[in-house]
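# Topology and contacts: notes
The lines below spell out each chain.
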Amino acid sequence: MSKTTTVFGIPNCDTVKKARTWLDEQGITYQFHDFKKQGVPADRLPDWMKAVGWEKLLNRQGTTWRKLDDATKASAVDAASAAAVMQEHASAIKRPVVEWADGKITVGFKADDWAALHSK
């Protein structure tokens, strides 16, 4: 695992913006991986799903999910099929996904949770 924190997401996502602001305020350096420009790294999806579960990683609350056709939604029944949907529709991934420098992987942003992670 690299020693660099990497934030994966979409730059215009409000949650990603809040997360990046929080990191900046804490003085935590990170790289940003833009799903829209750089795509979803297929080699990372299995690690993310192992860390948080495919059910948490697949954002069924978002606009992208609601706009998907019923057949695509119905196809996401396990890790492999969910990975295929997320690979095809990057915005269906809950954001941000963060690979922390210490090897932890988190999904989503809650300032209190992140502060607790970094107080140890």
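All figures in this text were calculated on a predicted structure; none of them were measured in a lab. (Residues numbered from 1 in each chain as written. Predicted model: local features only at pLDDT ≥ 70, side-chain atom pairs only at ≥ 80, totals over all residues. Heavy atoms only, no water.)

## Concerning the overall build of the protein
Scanning the protein for helices and strands turns up 8 helices and 4 strands. Of the regular secondary structure in the protein, the N- to C-terminal order runs β-α-β-α-α-α-α-α-α-β-β-α. The C-alpha atoms of the protein give a radius of gyration of 14 Å, which matches the 14 Å a tight globule of 120 residues would have. Referenced to the eigenvectors of the C-alpha coordinate spread, the extents of the protein come out at roughly 45 × 25 × 25 Å. Taken over 120 residues, the protein has a buried fraction of 44%. The long-range share in the protein, meaning contacts at least 24 apart out of those at least 6 apart in sequence, stands at 60%. For the protein, the exposed surface amounts to about 6800 Å²; the carbon and sulfur share of it is 48%. (Helix = DSSP H or I, 4+ residues; strand = E, 2+ residues; numbered from the N terminus. Rg over C-alpha atoms; globule rule 2.2 N^0.38 Å. Buried < 20%, exposed > 50% of the residue type's maximum accessible area, 1.4 Å probe, protein only. Contact = heavy atoms within 4.5 Å. Areas by Shrake-Rupley, 256 points an atom, 1.4 Å probe, with all protein chains shown as cover.)

## Focus on helix α7 (residues 79-88)
Within α7 the residues assigned to the buried category are S81, A82, A83, V85 and M86. In the core, the buried residues of α7 are packed alongside α3 (45-52), α4 (54-57), α5 (63-67) and α6 (70-75). Measuring from the side-chain oxygen of the N-cap residue of α7 to the backbone nitrogen of A80 gives 3.3 Å; that N-cap residue is D78. (Polar contact = N/O pair within 3.5 Å; in protein donor to acceptor, adjacent residues only side chain to side chain.)

## Points about the sheet that holds strand β4 (residues 105-107)
Taken in spatial order, the 4 strands line up as β2-β1-β3-β4 in an open sheet, and their pairing is mixed. Of all the strands in the sheet, just β2 (30-34) and β4 have a single pairing partner and so form its edges. Across the sheet, the mean angle separating the axes of adjacent strands is 20 degrees when strand polarity is ignored. Sheet contacts for helix α1 (residues 14-26): β1 (5-9) and β2; angle to β2, the most-contacted strand, approximately 165 degrees. Against the sheet, α3 makes contact with β1, β3 (97-99) and β4, and its axis sits at roughly 80 degrees relative to β4, the strand it touches most. (Pairing = 2+ DSSP bridges. Axes fitted to C-alpha atoms, helices over the stretch in contact; angles between N-to-C directions.)

## Examining α3
Turning to α3, its buried residues number three or more, namely L45, W48 and M49. Along the axis of α3, the buried residues cluster in a sector spanning 95 degrees; they form a single face. (Arc of directions from axis to C-beta.)

## Some points on the packing of aromatic side chains
This structure, assessed with the given rule, holds 7 aromatic pairs. Aromatic side chains F8 and W48 sit 4.8 Å apart centroid to centroid with 65 degrees between the ring planes, which places their arrangement in the edge-to-face category. One end of the pair, F8, is in strand β1; the other, W48, is in helix α3, and 40 residues separate them in sequence. As far as burial versus exposure is concerned, F8 and W48 are alike and both buried. Centre to centre, the rings of F109 and W114 are 4.7 Å apart; their planes meet at 80 degrees, and the pair counts as edge-to-face. There is no split in this pair, since F109 and W114 are both buried. Ring pairing ties together the aromatic residues W22, W100, F109 and W114, which thus form one cluster. (Phe/Tyr/Trp six-rings, centres within 6.5 Å; stacked < 30°, edge-to-face > 60°.)

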